[in-house]
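# Structural description and commentary
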Amino acid sequence: DSYDRKKKQQEELSTGILKFNLSPKKGLAFLEKSGHLKSPLEAKDVARFLQVHKDRLDKTVVGDFLGKEKEYMGGFCVTVLHQYVDTLEFASLDFDEAIRHFLSGFRLPGEAQKIDRMLEKFAARYCQQNKEVFPSPDTAFVLSFSIIMLNTDLHNPSIREDRKMTKDEFIRNNRGIASGGDLSPEYMSAVFDRIQGNEITLKEDDDQREKIDKKGGEFRDVFVAGGTTARRKREAYDREREDMVQESERMLTKAKTQRRQRAEYINSTDLRDEHIAPMFEVAWGPILGVYSLVLDTVEELRIIQLCLKGLQDCVRIAAVYKISHVRDTLLNSLAKFTTLDTVREMMPKNIECIKMLITIALTDGDYLGNSR
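The numbering scheme is per chain: residues are counted from 1 as the chain's sequence reads. Whole-chain, interface and lining totals are the exception, using all residues; otherwise, since this is a predicted model, local features are given only for residues with pLDDT of at least 70 and side-chain atom pairs are given and counted only at 80 or more. Values shown for side chains rest on all heavy atoms present in the structure; no hydrogens or waters enter the calculation.

Let us now look at the packing of aromatic side chains. We describe a pair of aromatic rings using the distance from one ring centre to the other and the angle between the two ring planes. Aromatic contacts are taken between Phe, Tyr and Trp rings whose centres are within 6.5 Å, Trp giving its six-membered ring; a plane angle under 30 degrees counts as stacked, one over 60 as edge-to-face, and the others as tilted. Counting across every chain of the model gives 14 aromatic pairs. Ring geometry for Tyr-84 and Phe-106: centres 6.1 Å apart, planes at 70°, overall edge-to-face. With Tyr-84 in helix H5 (residues 76-86) and Phe-106 in the loop between helix H6 (95-102) and helix H7 (112-129), this pair connects stretches of sequence that are 22 residues apart. Burial classes: relative accessible area under 20% of the type maximum marks a residue as buried, over 50% as exposed, and values in between as partly exposed (1.4 Å probe, protein chains only). You can call Tyr-84 buried: its relative accessible area is 3%. Judged by its relative accessible area of 1%, Phe-106 falls in the buried class. Seen from their ring centres, Phe-102 and Phe-106 are 5.2 Å apart, and the 85° between their planes marks the pair as edge-to-face. Of the two residues, Phe-102 and Phe-106, both sit in the buried class. Here a strand is any run of E in DSSP of at least two residues, a helix any run of H or I of at least four, and the numbering for each starts at the N terminus.

Shown next as structure tokens:
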């Protein structure tokens, strides 16, 4: 009983993390309902969840959640942000090292207002623990912005070498930020050298770069969301596929055990409703993995349309049999392939994905529940 209970808790946690990566609000609601988070939700508890499971959570989703405006969820996300930062230790850290530590658990969102809120809280926390470094949190706030821009400028391969920011420009750009005065040239020079020699990046980006380097490819590393949509999509798809395959393997093992206990052959002509849902729960993860890979790498419209038709059928099965987490995952994956949330050029296959989403809404809308 103890083993089964622990196993069930781990399965619930994995499902909750997957749901959070697709929709933070739904993921938190599931984790609260299943007892993995306190009820009602407490900001401190959620902040701890984000830190403990940061290696399994989508860094872009976490960053967007922490940067939400005070009107969202009644200001709950802002409170979570404050609790999250207040648990971080920056004492005795160089300022740029503190930024690395701060950004290790999420990817900064692309919107300036969200970045403002997050860096303002970071600056206040750093100055609280390092009172002698800056004259005020405003200085830390402005410098943190400047360091992030410097990091992007120096390590963005699309910027020509002769256009990259120089040390003199970095120092000149930050004149007067210390309550009207300047930070010492030695201090600013040391910050520049450390950023130039060691890019601020996420562990996931380092791992991805290593994989691509082994294959002889090119990796574009920008730790702020917005400029690397294709890479972030691939990372998200890889994580989703891995979770889905693991879940499918678990279901397959369970199904095999059940078959040993009750060996029974079902002819395809004798299939009934009670047979379909268990079969689909075993198969949907690998199916989505194959479709995602094809949609991500193939341009031929005939193949794209076949994949989309398969996805439509999967959504219909999940919807009709009320397997909500599968339905939500399928629709979310399809929505990502539309690229409507990016500034990338829209390709014919992206347009086909939009058409399929509309078709699903028109033909199966009554069965989509909360996914509508």
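Once the structure has been displayed, the description carries forward.
So, about the packing of helix H8 (residues 137-155) against helix H10 (residues 185-197). When two helices pack together, their arrangement is given by the angle between their axes and by how far apart the axes lie. Where H8 meets H10, the closest approach of the two axes is 10 Å, and the angle between their N-to-C directions is 40°. Between H8 and H10, the interaxial angle falls into the category oblique. Crossing of H8 over H10 shows right-handed handedness. Between H8 and H10, the residues in contact are Leu-143, Ile-147, Leu-150, Asn-151, Leu-154 and His-155 and Tyr-187, Met-188, Val-191, Phe-192, Ile-195 and Gln-196, respectively. Three classes are used: nonpolar for Ala, Val, Leu, Ile, Met, Phe, Trp, Tyr, Cys and Pro, charged for Asp, Glu, Lys and Arg, and polar for all others, with Gly counted as polar. Of the residues that constitute the contact of H8 with H10, the class distribution is nine nonpolar, three polar and no charged. With axes taken as lines fitted to C-alpha atoms, and helix axes fitted only over the stretch in contact, angles between N-to-C directions fall between 0 and 180 degrees. Oblique is the label for any angle not under 35 degrees, not over 145, and not in the 65 to 115 range, which are roughly parallel, roughly antiparallel and roughly perpendicular in turn. Two helices cross in a left-handed way if the nearer one is turned anticlockwise from the farther one by less than a right angle. They cross in a right-handed way if the turn is clockwise. By definition in these notes, contact holds between two residues if any of their heavy atoms fall within 4.5 Å.

Attention now goes to the nonpolar core. As used in this record, nonpolar core signifies buried Ala, Val, Leu, Ile, Met, Phe, Trp, Tyr and Cys residues forming a set joined through side-chain atoms within 4.5 Å. Grouped together as the largest cluster of nonpolar side chains are 56 residues, with contacts concentrated most on Leu-50, Leu-66 and Phe-102. Per-element tally for this core: the top contributor is H7, with seven residues. Beyond its immediate stretch of four places on either side in the chain, Phe-102 contacts Val-85, Leu-88, Phe-90, Met-118, Leu-119 and Phe-122. In terms of nonpolar packing, the next biggest core, distinct from the first, is built from 24 residues, Val-294, Cys-307, Val-315 and Ala-318 among them.

Take helix H2 (residues 24-33) next. By the burial criterion, the buried members of H2 are Pro-24, Gly-27, Leu-28 and Leu-31. Along the axis of H2, the buried residues cluster in a sector spanning 95°; they form a single face. Elements that come into contact with the buried residues of H2 comprise helix H1 (2-22), helix H3 (43-52) and helix H4 (59-66). Gly-35 sits one or two residues past H2 and shows a positive phi near 85°. This arc corresponds to the set of directions leading from the helix axis out to the C-beta atoms.

On to the packing of H6 against H7, then. Direction vectors running N to C along H6 and H7 enclose 125°, while the axes themselves pass 11 Å from each other. By the criterion of interaxial angle, the relationship of H6 to H7 is oblique. Relative to H7, H6 is oriented so that their crossing is right-handed. Between H6 and H7, the residues in contact are Phe-95, Ala-98, Ile-99 and Phe-102 and Met-118, Leu-119, Phe-122 and Tyr-126, respectively. Its residues assigned to classes, the contact of H6 with H7 comprises eight nonpolar, no polar and no charged.

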